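Observations on the three-dimensional arrangement
Listed below, chain by chain, are the residues.
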Amino acid sequence: MSQPLVVGLGDSTSDAGQLGGKGASLGRLVQLGHRVPPGFVVTVAAFETTLSAMGLSAAHAELSRSVSARSPDWETAAAITRGLQSAPLPDEVWRAIEDEIARQQLWETTQGGLIVRSSATVEDSAVFSFAGIFESMTVEAPDSLESVTRSVWASAFSRRALSYAADSNVGLAPGMAIVIQVFLDASRSGVMFTTFGGSRALVEHVEGGCEKLVKGEVIPDRLWIDRVTGAIEGDGEALEQQHVKSLSLLAQHLEQQFAGPQDVEWVIHGDAVHLLQTRPITAGLAGGAAGDTAGAVLTGVAASQGVGTGDVHLVFNIDHALDLKAGQVLVTPMTNPDMVVAMRNSSAIVTDVGGMICHAAIVSRELGLPCVVGTETATRTLAAGQLVTVDGFSGAVYDGIVAVEDASAGLRPAEWEDVWEAWIQAVRTETPLLSSVAALDAAPSGLPLVMLRPEIDLRADDAGLWADLEHWTSEQRAERIGRYVVDIERIAGMVGTGAVVLVTDDLPPSIVEELVVATCATTRVRVGGSGEGAAPISVALVQQGEADPRHGLVPMAAARAAARDTLKFFGHQPGVKRTTMPNPDGRAAWWELLPEYGRFHREAGTAHVTGEHDWLEVRPELVISALLKSLVQPGFEMVPRVMGFPAVPPLHIKWVRCRYHFRSDVFATAWEAIVEATWDTAYMADLMHRVRVSYDQLAEVLVLFPTDGAEIRRLSGSEIVALITSWWPRWVEFFALCWFIQAQGDDILYPFIDETVAANLAATGRGGEGVAWPTAGELVLPTTSVLSGEYMASMGRLHDELIDRNLATPEAALRAIQSGKADGLADMIDAHLREWHWMRDRDLMFEPWDTPQRVVETALQTEPHAPADYAENRRRNLFALAFHSDLAEAAGRRGALNHAVRFLHDLNVERENHHVLWLKYSYPLRRLFLEIQRRLIELGSLADGDIWFLQTPELLAAARNLPEPLPAEVVARVRNRRRGFEVEARFSDDDPGVTAEDDYY
């Protein structure tokens, strides 16, 4: 279906790819009920229609290529500008504009005319503001509107716009929508940074319109608003108190609605505040919940607490990682399991991409290392050897050595006794309502009645993971529930509690029945009651005078709806590339090998889709080589089918310069299905079962694979193909699950937890006398080990053994083994390789290095770390969950917070295990790939390492046709792909001889 040429502000669509950053933002403001001047958007489709009608489309494409190369073609830009200025708008575009103006009666309702405002697709994003780069022009009469519209479009091709785009690495000439609105004659106007250090909003304002302020032509009045107390600092006299109050409320609401600090442009018209624009703050001004980040050179997600200082060591492949010196800061696009040795030696970790359950975050928490992920530009912003300070509390990276203030420094972690003390001081006469039996254990003696919710305790198994009681056997369930009731009876007797009533309104009837049975023999414990008449003890901590502990939190239904915004996944306005569907013949070749993949596309009617589309860049970093890319692409596209989402089409994927992109028009549908599934408890419990079953299914397939080199060499080409094709369908499902759980944890569950906890801490004053209330970090503490941790423990044991034997170099260790003087050491290495040989792979090339020498080299580079105290972490996690669940009840988020935390722990473990196990479960396959390579090298077709640059259909055809050599054109493609990959991965310098290839370069 063709895209509309005009869209009214607030109409159903909010696609920034069509409305531009400003248009999408204004449309959402209208949908959320804010005062916005009436108007509409002339879409990117209208812009493209205009360029096409004027014969400028080819020039625009050529200009985009030059901007992507950071060398804008000024002659082409000038030619496009001349074309726009010399020809009228196409009739269909101009008619659509006139019809919309007439429909809204804009000329009839304005006294100041209309304003035509730029709304580029790259404008007002969380990464690039393009502030002041494009034109906005007022129009006083209808006969001037057409030429002004073309002038604003032409501003996309000015030197300042294209230079900014090239310098900012935007990667294309901006696409441009236009916003046409009623122009408001303002009595006063200004800009507001909703967060400017801590809890303050900064407001700068001037008399009249805002243009002179935005352009820096005047010195504005300035004031700060403390959003907690309402106190005003600075010049507040020029603004009426009612307008200051309105701005303070707007700051709070906009940050909640747009999920982060905002740069807001506003005017006062008709004695009310109207919004002209809101966009994410791009200059790193916002202070996070854990502290102020002003002055930081980078900000990201605070994934593991602590502070680390050291020289930057840039890592783009495993060779770079192995060069890291102890105490350096590891800076990389993203980590993978191969890097855990380097991670352990570093003083801190910083990545371009990732979230709370990415590999870097999980392993950093295991190792107790400060970690900041998702900075987007760390590898481009930071220089090798630069001395930096990494603040894992706030997610900031600073230049040089900076003293970072830890808000919890000098405070001990709060315990249940501290909560009870606050409850007693508040002279609470209500019956206390508890969310954990641990709270009962700390209760003051002699309470006549306590109400207790069992869900948190019952749902946390011994490892802190989700206990799916409904799928347990009746015997298992009875044993757990019986033990729980006995504990309550014992503790209630110790503290002298008269009676404990179990509040079970959030438990399924079957569990309630078993609790009733288990309490029959007790004297103090009974089941029943909804909690009415009781008060959660944590609520006693809400700041005095704060009537509502929600502190601005929207109810769960609204939070769930907000999570459907696709920007929640990206965390910023993603890069958009306009390009074709992957080559249909190449897609068909994959479908022949994976019939279910082809069937899904045929059923969805997408098997023969061609043409140009907008593609959203998922990650800025290099992803994978050609072979692995073609193995995992079906996994991405099959997510809706694997996850059981009815009527959701394939999630189209395309690789552009080794980086993967989603087709924008299908991603939104898939994302909405992911959000809904994440908040479905029954679905999530089933998902955990399916994830673990997927391990077994892949393991069953691997039984078919040879276990030694001699067997592999005896395989015929057809047998090799049969083994690969038996493995691939199981791998597609495994990969889809892995991607799905990462999206859930990083982009749905953790942001909800962080937002809820931040609001709770704001309402409680963050801490009591000498204590710190639990933070979001305590809700994601590792409560059970993951495979990376077990692998590092094995490496640590080898390290200790080598040092104890005074074997401090690989040469000395190998000489001792060969001479027989190192009793038991050779056996330790053999045992390590038997258990972990599949972890011994080099980077994205997957070159096995499972030799004793490599093991010894790695072990000697491993700095031992004490393992996490998982039992203590579990205890702290349960305390934090019960504490914050109580406080979140007023916002209707108590049950949702419990759901989010319990499943985030499961996803945290399973995501990392999936990430590591894919190495294990693809290791036998990679041995087959190397055997194909060995035979093709003998035939003169390939060189060492070339195999990774065949795509899967090509590789299977090569294996099936052995001992025939590869066709010459395939060999040429492989070598071209390899050169391009090595340039992208920074293995080698730029190679002008690399030619473009569909779906790869």
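Provided above is the structure to which this section pertains.
Let us look at the structure shown here. Remember, it's a predicted structure, so these values are computed and weren't measured experimentally.

Remarks on the overall build of the protein
The helix and strand tally for the protein stands at 37 helices and 32 strands. Buried positions account for 57% of the 1001 residues belonging to the protein. For the protein, restricting intrachain contacts to residue pairs at least 6 apart in sequence, the fraction spanning at least 24 positions comes to 71%. By element, 51% of the accessible surface of the protein is carried by carbon and sulfur atoms, the whole surface being about 38,900 Å².

Focus on the nonpolar core
In this structure, Trp 420, Phe 662, Trp 727 and Trp 739 are the most contacted members of the largest nonpolar core, which totals 210 residues. If you tally residues by element for this core, the top one is helix H29 (residues 717-764), at 23 residues. Filtering out sequence-adjacent residues up to four positions away, Trp 739 remains in contact with Phe 569, Phe 636, Val 639, Leu 651, Tyr 660, Phe 662 and Ile 674.

Some details on the sheet that holds strand E1 (residues 6-8)
The strands that make up a sheet pair up through hydrogen bonds in the backbone, lying either parallel or antiparallel. Spatially, 5 strands are ordered E1-E2-E5-E3-E4 in an open sheet, and the strand pairing comes out antiparallel. One side of each edge strand has no neighbouring strand; the edge strands of this open sheet are E1 and strand E4 (136-139). The average angle at which neighbouring strand axes cross in this sheet is 25°, direction not considered. As defined by bridge partners, strand E3 (residues 114-120) adjoins strand E5 (residues 176-182) across 7 bridges and the pair is classed as antiparallel. Residue pairing in the sheet places Ala 120 in a bridge with Met 176 of E5.

Brief notes about the pairing of E3
Two faces make up the sheet, and in a regular strand the side chains alternate between them. Of all 7 residues making up E3, 7 are buried, and the element is well covered by its neighbours. On E3, burial covers both faces: Leu 114, Val 116, Ser 118 and Ala 120 on one face and Ile 115, Arg 117 and Ser 119 on the other are all buried. Looking at chain direction, E3 and E4 are connected through 4 bridges and run antiparallel. Bridge pairing links Ile 115 to Thr 138 in E4.

Some thoughts on the environment of Thr 229
With respect to the helices, strands and loops of the structure, Thr 229 is situated in the loop between strand E8 (221-226) and strand E9 (232-234). Owing to a relative accessible area of 60%, Thr 229 belongs among the exposed residues under this scheme. Put simply, Thr 229 and Arg 200 are 29 residues apart on the chain and 9.7 Å apart in space, counted from C-alpha to C-alpha.

Re the side chain of Asp 906
Along the chain, the position of Asp 906 falls in helix H35 (residues 894-938). Relative accessible area serves as the criterion here: at 1%, Asp 906 is assigned to the buried category. When sequence neighbours within four positions are dropped, the list of residues in contact with Asp 906 reads Leu 465, Trp 466, Met 688 and Arg 692.

Thoughts on the packing of helix H22 (residues 584-593) against helix H23 (residues 595-604)
For the pair H22 and H23, the least separation of the axes is 5 Å and the interaxial angle reads 125°. With respect to H23, the element H22 is oriented oblique. Facing Arg 587, Trp 590, Trp 591, Glu 592 and Leu 593 of H22, the residues of H23 in contact are Pro 595, Tyr 597, Gly 598 and His 601. For the contact of H22 with H23, the residue count by class is 5 nonpolar, 2 polar and 2 charged.

Observations regarding helix H37 (residues 968-984)
Between the first and last C-alpha of H37 there are 25 Å, a value that for 17 residues agrees with the 24 Å anticipated at 1.5 Å per step. Here H37 has its buried residues at Val 970, Val 971, Val 974, Asn 976, Arg 977, Arg 978, Gly 980, Phe 981, Val 983 and Glu 984. Where H37 is buried, its residues meet helix H24 (626-637), strand E29 (659-663) and helix H36 (952-961).

Conventions and cut-offs
Residues numbered from 1 in each chain as written. Predicted model: local features only at pLDDT ≥ 70, side-chain atom pairs only at ≥ 80, totals over all residues. Heavy atoms only, no water. Helix = DSSP H or I, 4+ residues; strand = E, 2+ residues; numbered from the N terminus. Buried < 20%, exposed > 50% of the residue type's maximum accessible area, 1.4 Å probe, protein only. Contact = heavy atoms within 4.5 Å. Areas by Shrake-Rupley, 256 points an atom, 1.4 Å probe, with all protein chains shown as cover. Core = buried A, V, L, I, M, F, W, Y, C linked by side-chain atoms within 4.5 Å. Pairing = 2+ DSSP bridges. Axes fitted to C-alpha atoms, helices over the stretch in contact; angles between N-to-C directions. Parallel < 35°, antiparallel > 145°, perpendicular 65-115°, else oblique. Nonpolar A, V, L, I, M, F, W, Y, C, P; charged D, E, K, R; others polar. Expected span 1.5 Å × (residues − 1).

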